[in-house]
Structures are given as structure tokens and as C-alpha cells.
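Residues per chain are reported as follows:
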Amino acid sequence: MRRIIRVRRGRSQVTDAESTERSLISPLEWYKPSVRIAHWAIIALLVLLTLTTLGPLFWMLSGALKSSVEIYRTPPQLWPAAPEWSNFSKAWTELNSLLYLGNTAALAVGAVVLQLLVSATAAYSLSKLKPVLGNALLFFFLSTLMVPALAYLIPQYLTVVHLPIFGISLTDSWWAVWLPEAANAFNIIVLKSFFDSIPNDLVEAARIDGANALQIFIRIILPLSRPALAVVAMFTIFATWKDFLWPLLVLTDPSKEPVSVALYQLGIAASNGVPQNVLLAGFIFALLPPLILFLVFQRQIIRGVNTTGIRG
Amino acid sequence: MVTVKHRKLLGIQTPPASRVHPLVRFARRHTAGLLFLLPALLLFAFFVWYPIIYGFVLSFQDNSLFGGSGSWVGLGNFRRIFADPLFTVAWGNTLKFALYGLLFGYAIPVVLALAINEVRYGKAYFRLAFYLPVIIPPLVTVFLWGYMYTPDGGLLNGLLGQIGIGNQPWLQSPNSALQSLVVVTTWANAGGTMLIYLAALQSIPAELYEAAELDGAGIARRIWHVVLPQIRGVMLIMLILQIIATFQIFTEPFTLTSGGPVNSTTTIMLLIYYYAFQNADLGAASALSVILFLVLVTLSLGYFGVTRRLWAAGE
């Protein structure tokens, strides 16, 4: 049965690996004219619907290229008569884009390094070393998943402003973003369940060969877990790029702000006369890095959504 | 496995390790594991566990952003926020957000996933195009929609004008602001949920469709009797997750409407923010956070209950 479908699919040039199984509609039904017509109608409808997601992005680009006069003209113009590419260079300098994009990139890199380090060591310990109280601690890590971070935003903010025991303030330092973000129970579970799938025999063999816990971690566990680490790293980058409220609260020094906070301050909160078309160009700069990253790694990301259940 | 008894029988010398003090042996066994856990432990202690407890303490104290006495006021903070007319308004709005979110957005990902899973051309393109908004930073999303919602000369009113419909106020009227924001959140999130449903649809075994066909079920009846029962668990999980997410809605009303017009989009998170960072009233902000905390934990317990039951059922 399956072979028949493969042949038919082969003829209809479906190359997607996931579609080799039959789904709702049976191979026989594909011969019915009514099914074929409905199929093309659904495709047409889907194409129209993608206009609702791609259309606004196109509108953003066309708006960024319009002159200040054209931008609010009715009826709406699909594409400006004379595209003003200079809006992009204006946005680059007037909105200080390089600084703020650089800040976001630095926040993302630091977040990836710290989160991988903290989550992987904890997951390794809980999965392979299994120290005393390990299960109790795992429970305490997991129970924080039940409490969305916004529910303790205020006390967390106060903790960062005045760190107990150390008595220092982390505000205006990137550590104020990196450290709280790195306490991420979800990463620990994702990595722990991946480490659980690495055979214990491998770890035992290395131990008999005289490797200590650190060597096993670096030489065996980490190299074998590259796909899982990549997924965690990718979602960390997207999460950092999306972050808004927390950096708005803890990074009040304008030279430390990530691009999301800077664009909010310059473009939405203050009406200090940056024209709308230049702002749109600035927002496009903020959108490009995650967009490019997504387009390059879309297969891995979509697989990551399917295996971890993080929706991005 | 060679036990001590076997060793004696075989005449093997018991290794000296067994003469090591039990405490030392215990330390050797567990030190590495605990050391590896230490970074996570410290971070969770400082930035999650301590703040959660601290939040409860703060809700019973008199504190302001600029210091404050820190004296105990019992339930004073809670009485104060209950007396605030915005308390009921904000809860009402938050519930409305959840309700409209389900009304506008709950079915869309299911239908999209079902359609994309069946079509034979452009599958990868559709999946990509519908997922795209999910990776756009929320600040870009809200700015883009604010631009399209502009009453005079914005895209949406421009398009409506083309088909002879007059200007709509969108975000600027208390009657439509909340719904307009729900459109934005639905636009931004539907693609992620769609991917989850696609994965669920692909895991439905082909035998179930074949069996239904043998029983004479057409396409519509197969959707009703095979597909929906198979993805019911995922749909329930997505329902709870969506409600939990809308209870924390902040960025969209904060940036696009600042809770207005006439408080029609003030949500609980927005009210907490205003208490803390506009009124500097940490007592009220913490008391409201505690209430939100309890509501969210209740919802999450429901979520974990559902997932556990589904796992137990072997789905």
C-alpha cells in the first residue's frame, strides 16, 4: 500500500520527506474530480491567506521607502513612485542602529553562552551523575515552570536592583539580563531528556578508562549533544531578540539598551520628530537579524519546535 | 557482579577503598554531581526561588520604589487594590482578551494545519509563510500594526475605503481597541501553534484513516471521527497554554494603547506595571502580583494535570 502511494507521490513531485505517509485523503480519492477541485481551491485560499502574514511585512518595506508626504496618502500606494533608499541610511545614523543592534547581539551571545553552560551542567548532573538530593532539586527546578516569570516580575526586579548577600545593584549591566535568564528550567529538561538518551555504558566505559566527571562531560556528553545544544541556542537567540519588558526595566542607561528598548524609547514613547518612514526603516533593521537566522536555519528550527514544543 | 562474598570465595583481596571512612566515600560519590549543579542552583536561588518568596513578603508590607518603611500592614495592600475601581476593570479586560483570543485565534491554527497537511504543493512555503510572524520581535510587530491601524491614511482604512467602508477608529475607540489588539496577538502567535498541530497530525497512524474508510466514512466524517479525537489532547493543552499566555499580556496594550482609551485595554500586568513604576507603590503591585500568581499557578496545575493524564493514557 505504502509503495503505491510513494509512486503516486513521486509522480506528483512531492519531495517533502514527511509526506510519504498517507494522510486524511486516500490515494484513491485523489482521482475524484471533486477532491482535485477542492484541493486547488484550498491552495488558492492558502496563498491568499499568506498575504495576511507576508503583506504587512511588504507594507513595512514599502512604507520605509516612501517620502513623508506619500506615506499616509489615500488610497494606499502599493509601492512609492520614487523609493527613498536614503531613509535606511538616515535610520542607521539617526537611530544609532549599529550601537543598539550590537547591544542586542551581545545580549544574545552572552545569553547563549551562559544558558548553555548553566543548563548543560545541571542537566548532566541530573542525568548522569545523579548526586544526593538530585531528584528533589529536579522537582524544585521543574516547579518553577508552573510560575510564569511575569508573576514575580516586581520582586525579581527588586532583587536585581539590590542583590541579597552581595548587596550590589546589577542594573545598567548586561548581567542583569543574562543571570535571571539563565535560570531556565525548560532548557534543563530539554537537555536532560537528551542526555538521558545517551547510553550509560558509554559513560561507564570512559570512567573505567580513567576519565573524571568533567572530562566525560566535555569529551563525550557535549559532542554527542550538538543538535540539542543547537536548538537551545537558537531559541535563546530568538527569545533575547524578542525580550522587551525586562531590559526596559533593568537597562536604563541608553548606551546599554537593546534595539527593542531603544526603538520603543525613540520611536513609540517619545514623539521627538523621527519621521515615520525613517522609523519603519529602523524597525526593519531590528527585524533583519532574526529573519535571516530563521530563513537559514528554518529546518532545524521547525524540527526543534516539533521535538521540544517551544513555539518560538 | 562480584560481591564481597564472591571476592572472599574467590580469594580476592577486598580493595582498600572499602576501608575509607563512609563520609569520605559519600563525598567522593556526590561532590562532582553537586558541583555541576551549583551554577544552576545559585541562579535559581537568587533569581527565581528567592523572588517568589520575596513577592509574598512584599505584598504584606508597606514599601515604595524609593524605600518606604517596610512595616507590616497585614492585608492592607490587598484591601487597597480591591477598592481600586481599576481592579475589576483590569480583570474584566484580561478575561476579554482571553475570550476574544479564543474566539479569533483558537480555530485558525487547527484549520491551517489540517489544510497544509493535505495539500500536495507548496507545503514548505505555506508552513514558512504562516510561521514567519512568530519570529518577528514583538516591538516590530506592534509598531507595524500601529502603522497599519493609523485612522487617517493607514493601510486598513485605506483598503476599507476602496470598498466603500468609512474610516474605522481601531485602537482609538474603547469599543474596538481590545479586539484590534487581539488581532495583533493572534497574527503574531497562530503560526507557532500551527506547527504543533502539524506535528500532531503527522503522528496520526495511517491505519486509522484506512479503517475509517473501510467503514464507509467520507472525508468530513474522517475529520470528525479520526482527526479531531486524535489531536484532542494537543488541542486541550494549546487551550490552556493560550489562556495562560493571554493572562500575561503586556507588550501590545503597553506600547499601542497604554491601556486606553478609557482603560478599555488595561490588563492585570499593565496595572501591576503602573502600580510599581508610575505610582512607585510596591505594596499594591506585589499584592496584585500575588493574586495573578495564584491564578496562573492554578491554571498551570490544570495544564500539568492534563498532560500527565494524556501521558498516562499513552498518547
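Parameters and conventions
- Residues numbered from 1 in each chain as written.
- Chains lettered and ligands numbered in written order.
- Predicted model: local features only at pLDDT ≥ 70, side-chain atom pairs only at ≥ 80, totals over all residues.
- Helix = DSSP H or I, 4+ residues; strand = E, 2+ residues; numbered from the N terminus.
- Buried ≥ 20, exposed ≤ 12 C-beta atoms within 10 Å, placed from the backbone.
- Contact = placed C-beta atoms within 7 Å.
- Rg over C-alpha atoms; globule rule 2.2 N^0.38 Å.
- pLDDT = per-residue confidence, 0-100.
- Domains from an automatic or database assignment.
- Nonpolar A, V, L, I, M, F, W, Y, C, P; charged D, E, K, R; others polar.
- Axes fitted to C-alpha atoms, helices over the stretch in contact; angles between N-to-C directions.
- Parallel < 35°, antiparallel > 145°, perpendicular 65-115°, else oblique.
- Left-handed = near helix turned anticlockwise from the far one by under 90°.
- Core = buried A, V, L, I, M, F, W, Y, C linked by C-beta atoms within 7 Å.
- Expected span 1.5 Å × (residues − 1).
- Bend = angle between axes of the 7 residues up to and from the residue.

**Student:** Give a description of the overall build of chain B that names residues and reports values.
**Tutor:** Tallying secondary structure elements over chain B gives 14 helices and zero strands in all. What you see in chain B, going N to C, is helices and strands ordered as α-α-α-α-α-α-α-α-α-α-α-α-α-α. The C-alpha extent of chain B, read off along each of the three principal axes, is 100 × 75 × 30 Å. Residues classed as buried in chain B amount to 39% of the 315 residues present. Pairs at least 24 apart in sequence give 68% of the contacts found in chain B among residues at least 6 apart.

**Student:** Give me the lowdown on the overall build of chain A, citing residues and values where you can.
**Tutor:** On a plain count of helices and strands, chain A comes out with 15 helices and zero strands. For a compact globule of 312 residues, the expected C-alpha radius of gyration is about 20 Å, and chain A comes in at 25 Å, more than 25% above that figure. For chain A, buried positions account for 38% of its 312 residues. Sequence separation of at least 24 residues holds for 69% of the intrachain contacts in chain A that already meet a minimum separation of 6.

**Student:** Account for the confidence of the model for chain A, naming residues and giving values.
**Tutor:** All names here are of chain A. Confidence along chain A averages 86 in pLDDT terms, with 91% of residues attaining 70 or more. For chain A, per-element mean pLDDT is lowest for helix 1 (residues 2-11), which scores 35, and highest for helix 4 (residues 97-129), which scores 95. Scored below 50 in pLDDT, residues 1-19 shows 15 contacts in the model against residues more than four places distant or in partner chains.

**Student:** Run through the domain arrangement of chain B, naming residues and quoting values.
**Tutor:** A common way to report how large an interface is uses the accessible area buried once the components associate. Here chain B is described as being made up of domain 1 (16-48) and domain 2 (76-312). A C-alpha centroid distance of 44 Å is found between domain 1 of chain B and domain 2 of chain B.

**Student:** Let's hear about the interface of chain B and chain A: which residues, and what values?
**Tutor:** Listed per partner, the contact involves 87 residues of chain B and 84 residues of chain A. Looking at side-chain class alone, the side of chain B that touches chain A contains 61 nonpolar, 19 polar and seven charged residues.

**Student:** Which residues make up the packing of helix 4 of chain A against helix 2 (residues 22-59) of chain B, and what values go with them?
**Tutor:** Contact geometry for helix 4 of chain A and helix 2 of chain B: axes closest at 8 Å, N-to-C directions at 140°. In terms of axis orientation, helix 4 of chain A runs oblique to helix 2 of chain B. In terms of crossing hand, the pair formed by helix 4 of chain A and helix 2 of chain B is left-handed. Counting all contacts with helix 4 of chain A, which are made through Leu 117, Val 118, Thr 121, Ala 122, Tyr 124, Ser 125 and Leu 129 of chain A, the residues of helix 2 of chain B involved are Ala 32, Gly 33, Phe 36, Leu 37, Pro 39, Ala 40 and Leu 43 of chain B.

**Student:** Mind laying out the domain arrangement of chain A, listing which residues take part and the relevant values?
**Tutor:** Residue and element names in this part refer to chain A. As far as domains go, chain A holds domain 1 (23-84) and domain 2 (93-308). On a C-alpha basis, the centres of domain 1 and domain 2 stand 34 Å from each other. For the side of domain 1 that touches domain 2, the residue count by class is four nonpolar, two polar and one charged.

**Student:** Requested: an account of the nonpolar core, with residues and values cited.
**Tutor:** Counting residues in each nonpolar core, the largest one holds 159 residues, and the members touching the most others are Leu 191 and Phe 283 of chain A together with Leu 43, Ala 113, Tyr 197, Ile 272 and Leu 288 of chain B. The element best represented in this core is helix 9 (residues 177-202) of chain B, accounting for 16 residues. The contact partners of Leu 191 of chain A, leaving out residues within four places of it in the chain, are Ser 119, Ala 120, Ala 123, Ala 228 and Val 232 of chain A.

**Student:** Describe the environment of Ala 228 of chain A, with residues and values.
**Tutor:** Residue and element names in this part refer to chain A. Looking at where Ala 228 falls in the secondary structure, it is placed in helix 11 (residues 226-242). The exposure class assigned to Ala 228 is buried, which follows from the 22 C-beta atoms found within 10 Å. As for Ala 228 and Gly 304, which are separated by 76 residues in sequence, their C-alpha atoms are 8.4 Å apart. Filtering out sequence-adjacent residues up to four positions away, Ala 228 remains in contact with Val 190, Leu 191 and Phe 194.

**Student:** Any details on helix 2 of chain B? Residues and values, ideally.
**Tutor:** Given a rise of 1.5 Å per residue, 38 residues ought to cover 56 Å, yet the end C-alpha atoms of helix 2 of chain B are separated by just 46 Å, more than 12% below that figure. Within helix 2 of chain B, the axis deviates most sharply at Ala 45 of chain B, by approximately 45°.

**Student:** Residue-level account of unusual backbone geometry, with values.
**Tutor:** Residue and element names in this part refer to chain B. In this structure, the amide linkage connecting Gly 260 to the following residue, Pro 261, adopts the cis form with an omega of -15°. At Ser 258, a position not held by glycine, the phi torsion is positive, near 50°. The exposure class of Ser 258 is partly exposed, given the 15 C-beta atoms found within 10 Å. For Ala 280, which is not glycine, the phi torsion reads 55° and is therefore positive. One can find Ala 280 in the loop between helix 13 (268-277) and helix 14 (282-312).

**Student:** Any details on the environment of Ala 81 of chain A? Residues and values, ideally.
**Tutor:** On the secondary structure map, Ala 81 of chain A appears in the loop between helix 2 (33-64) and helix 3 (86-94). Distance in space between the C-alpha atoms of Ala 81 of chain A and Ser 67 of chain A is 9.4 Å, their sequence separation being 14 residues.

**Student:** Summarise the confidence of the model for chain B; cite the residues concerned and give the values.
**Tutor:** Residue and element names in this part refer to chain B. Residues at a pLDDT of 70 or more form 93% of chain B, whose mean pLDDT is 88. Confidence, read as mean pLDDT per element, is least for helix 1 (residues 4-10) in chain B (57) and greatest for helix 4 (residues 85-105) (94). For this predicted complex, the interface score ipTM comes out at 0.86, alongside a pTM of 0.87.

**Student:** Tell me what's going on with helix 13 (residues 259-269) of chain A, and back it up with residues and numbers.
**Tutor:** Taken together, the buried positions of helix 13 of chain A are Val 259, Ser 260, Val 261, Ala 262, Leu 263, Tyr 264 and Gly 267 of chain A. Buried residues in helix 13 of chain A make contact with helix 4, helix 12 (245-250) and helix 14 (276-296) of chain A together with helix 7 (138-149) and helix 12 (251-257) of chain B.

**Student:** Talk me through the environment of Leu 133 of chain A; I want residue IDs and the actual numbers.
**Tutor:** Residues and elements named next belong to chain A. When you line up the elements, Leu 133 lands in the loop between helix 4 and helix 5 (134-143). Looking at Leu 133, the number of C-beta atoms within 10 Å reads 12, which means it is exposed. The sequence separation of Leu 133 and Lys 256 amounts to 123 residues, and the corresponding C-alpha distance is 40 Å.

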